[in-house]
Amino acid sequence: MTGSRVVALGHYQPAKVLTNDDLAAMVDTSDEWITSRVGIKTRHVGGPDEPVDEMAAHAGAKALATAGLAPSDVDLVLVATSTAIDRSPSMSARVAARLGMGSPAVMDINVVCSGFTHALATADHAIRAGAATRALVIGADKMADIADWTDRSTCVLLGDGAGAAVVTADPTAPGTPEGPGIGPVLWGSVPEMGNAVRIEGTPPRFAQEGQSVYRWATTQLPPIARRVCEKAGVAPEDLAAVVLHQANLRIIEPVARKIGAVNAVIARDVVDSGNTSAASIPMALSKLVERGEVASGAPVLLFGFGGNLSYAGQVIRCP
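A few points on the structure.

Rules used in this analysis
- Residues numbered from 1 in each chain as written.
- Predicted model: local features only at pLDDT ≥ 70, side-chain atom pairs only at ≥ 80, totals over all residues.
- Heavy atoms only, no water.
- Phe/Tyr/Trp six-rings, centres within 6.5 Å; stacked < 30°, edge-to-face > 60°.
- Lys NZ or Arg CZ within 6 Å of the ring centre and 35° of its normal.
- Pairing = 2+ DSSP bridges.
- Helix = DSSP H or I, 4+ residues; strand = E, 2+ residues; numbered from the N terminus.
- Contact = heavy atoms within 4.5 Å.
- Axes fitted to C-alpha atoms, helices over the stretch in contact; angles between N-to-C directions.
- Core = buried A, V, L, I, M, F, W, Y, C linked by side-chain atoms within 4.5 Å.
- Buried < 20%, exposed > 50% of the residue type's maximum accessible area, 1.4 Å probe, protein only.

## Some words on the packing of aromatic side chains
At step 1: Scanning all chains against the criterion turns up 2 aromatic pairs.
At step 2: Cluster of aromatic residues (ring-pair linked, three or more members): F303, F305 and Y311.
At step 3: The residue whose ring lies beneath R250 is Y214, and the NZ or CZ to ring-centre distance is 5.1 Å.

## Digging into the sheet that holds strand β14 (residues 310–317)
At step 1: Strand order in the open sheet made by the 5 strands is β8-β14-β13-β11-β12, with mixed pairing throughout. Every other strand in the sheet has two partners, leaving β8 (186–189) and β12 (265–266) as the edge strands with one partner each.
At step 2: Alignment of strand β11 (residues 241–244) against β12, held across 2 bridges, turns out to be parallel. Directly across from V242, in β12, lies its bridge partner I266.
At step 3: Against the sheet, helix α7 (residues 210–232) engages β8, β13 (299–306) and β14, with an angle of about 145° to β13.
At step 4: In the packing of helix α10 (residues 280–290) onto the sheet, contacts are made with β11, β12, β13 and β14, and the angle to β11 comes to roughly 150°.

## What about the nonpolar core?
At step 1: Ranked by size, the top nonpolar core spans 50 residues in total, and within it L239, L244, L301, F303 and F305 carry the most contacts.
At step 2: At the level of elements, α2 (31–38), α7, β11, α8 (249–259), β13 and β14 are the ones that each hand at least two residues to this core.
At step 3: In terms of residue count, the dominant contributor to this core is α7 (8 residues).
At step 4: Apart from the residues lying within four places of it in its own chain, the contact partners of L301 are A225, V228, C229, L239, A241, V242, V243, I259, Q314 and V315.

Next comes the structure, spelled out in structure tokens:
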């Protein structure tokens, strides 16, 4: 059975940067309060002329250019997002139109913060099943549109952006030393705790039970992430990088430590970008690769978690 591989990445962030001091002029907070609790220093915020599909298309175009592919080479477009206001046309259809694609299958996937890793697994499955040959997988969210800018406990967390991956068929056999380009997914959820992260109302607003999410993430997720490594046949100490959902530095660092990835580069893009929901993992990975911090072919753990108290992870080979 043919597997799949991530061959290129791309990312995009709006030009406007909102610092902690900027937020302190808007709500009762401070740089010290934000940094000590979530580790975030800055976040990028899109304007009214930067919709989700535009950010997604920028990231997708960069990934395609890096892969040396034309938009017409893609036969599947998946966009993970929870901030698409319109139901139709979907974000994936709008991205395909913006990029001038031919006739790809288009699908939006809303699993909030773990949306990208769910979408990446879906692309891998489609290629393995012979339903697609080249996929453009994008995580894109405009969290500024759903932020309650009067709530200091949540508005300090959020940022906007998009990250993209080009996924192609990979004939590498699972039994070879390198293994498949995208390892098997481990995914699931805690339905009875789904209300811990919410995007509800008209207009929609983001809210969460921060302490519940923190306890769940730091206690329940590390053993699940280790099982992701087991399914991929990779020991945690052999990981070259760990890219967790960029929710909060106080979650990222203890979870990464408990996984046992003692030799891995740990993505900490949350410091500069805030929580960008589905965009956070591909954006953070794209930046690590762009800076040359992870070698091509090296094993990288991707692990998304958050809204719905859902999670999804896989080990991939770095493009």
